[in-house]
Amino acid sequence: MKFLKYFLILALAAFVIMQFIRPEKNQSGYETVAHFEKDAAVSPTLAEVFKTNCYDCHSDQTVYPWYSEIAPASFWLEDHIADGKKHFNVSAWESYSAKKKDHKLDELIEFVEDGEMPLDSYTWLHGDLTDAETKLILGWAQLQRVKYQREMAQMSK
């Protein structure tokens, strides 16, 4: 019984101390996605879908929920954001070659079609894409792939 009491006190102390250790926030503002939206011909409707479902983890423009202020959730979220940006970061779109843009859109199509994006852990709290939003994203991505494939073909001439 004494062991359990000391363990709980130690766990509570660790939890309190954790609250003072904060991961860096991922918030650079809207301008970080402006180039992507312009270059990839993102419509205002699609931009809203991306803002609500994608930009939090795939850009430098994260809107943090209330629970992001509580450790260990804050660390878990930052890990998700870092991983999301590693795979597809619209804030870095300007630096991607046409080939890389085409590849990223191909991956986006695959993950959205397979229902792997957005992640289940995101949709539990924020909701999932509607069928109309999914069709909008997939149609846009396929159209943009044609654009980037033409760019690659012109560059190879």
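Here, the structure is the one placed above.
Described below are features of the structure shown in this document. Since the model is a prediction, treat every value here as computed from it, not as a measurement.

Thresholds, definitions, all that
Residues numbered from 1 in each chain as written. Predicted model: local features only at pLDDT ≥ 70, side-chain atom pairs only at ≥ 80, totals over all residues. Heavy atoms only, no water. Core = buried A, V, L, I, M, F, W, Y, C linked by side-chain atoms within 4.5 Å. Buried < 20%, exposed > 50% of the residue type's maximum accessible area, 1.4 Å probe, protein only. Helix = DSSP H or I, 4+ residues; strand = E, 2+ residues; numbered from the N terminus. 1 Å grid on protein atoms, 1.4 Å probe; cavity = no way out; pocket = protein on both sides within 12 Å on 5 of 7 lines; lining within 4 Å. Points joined across faces, edges and corners; volume = space filled by probe spheres on them. Nonpolar A, V, L, I, M, F, W, Y, C, P; charged D, E, K, R; others polar. Patch = residues over 30% accessible without salt bridge, like charges linked within 9 Å, V, L, I, M, F, W, Y side chains within 5 Å. Areas by Shrake-Rupley, 256 points an atom, 1.4 Å probe, with all protein chains shown as cover. Salt bridge = Lys/Arg side-chain N within 4 Å of Asp/Glu carboxyl O. Lys, Arg positive; Asp, Glu negative; His and termini not counted. Charge placed at Lys NZ, Arg CZ, Asp CG, Glu CD.

For the rest of this paragraph, the subject is the nonpolar core. One finds Phe36, Val42, Phe50, Trp93, Ile137 and Trp140 to be the most contacted residues of the largest nonpolar core, which totals 24 residues. Taken together, the elements giving at least two residues each to this core come down to α2 (31-39), α3 (44-53), α6 (98-113) and α8 (131-156). Per element, the largest residue contribution to this core is 5 residues, and it comes from α8.

When its volume is computed, the largest pocket comes out at roughly 720 Å³. Among the elements of the structure, α3, α4 (55-58), α5 (73-87), α6 and α7 (120-126) are those that each provide at least two residues to the lining of the largest pocket. When residues of the lining of the largest pocket are assigned to their parent elements, the largest contribution, 8 residues, is made by α5. Of the residues contributing to the lining of the largest pocket, the split by class is 21 nonpolar, 8 polar and 6 charged.

So, on to a negative patch on the surface. Among the surface-exposed residues, Glu110, Glu113, Asp114 and Glu116 lie close enough to one another that they form a single negatively charged patch. Along the chain, Asp114 turns up in the loop between α6 and α7.

This brings us to empty space enclosed by the protein. Within this structure, the stated rule accounts for 2 cavities of 30 Å³ or more. Counted as a void, the largest cavity has a volume near 50 Å³. Lining the largest cavity are Arg22, Pro23, Glu24, Lys25, Tyr64, Ser68, Ser74 and Glu78. Per-class residue counts for the lining of the largest cavity are 2 nonpolar, 2 polar and 4 charged.

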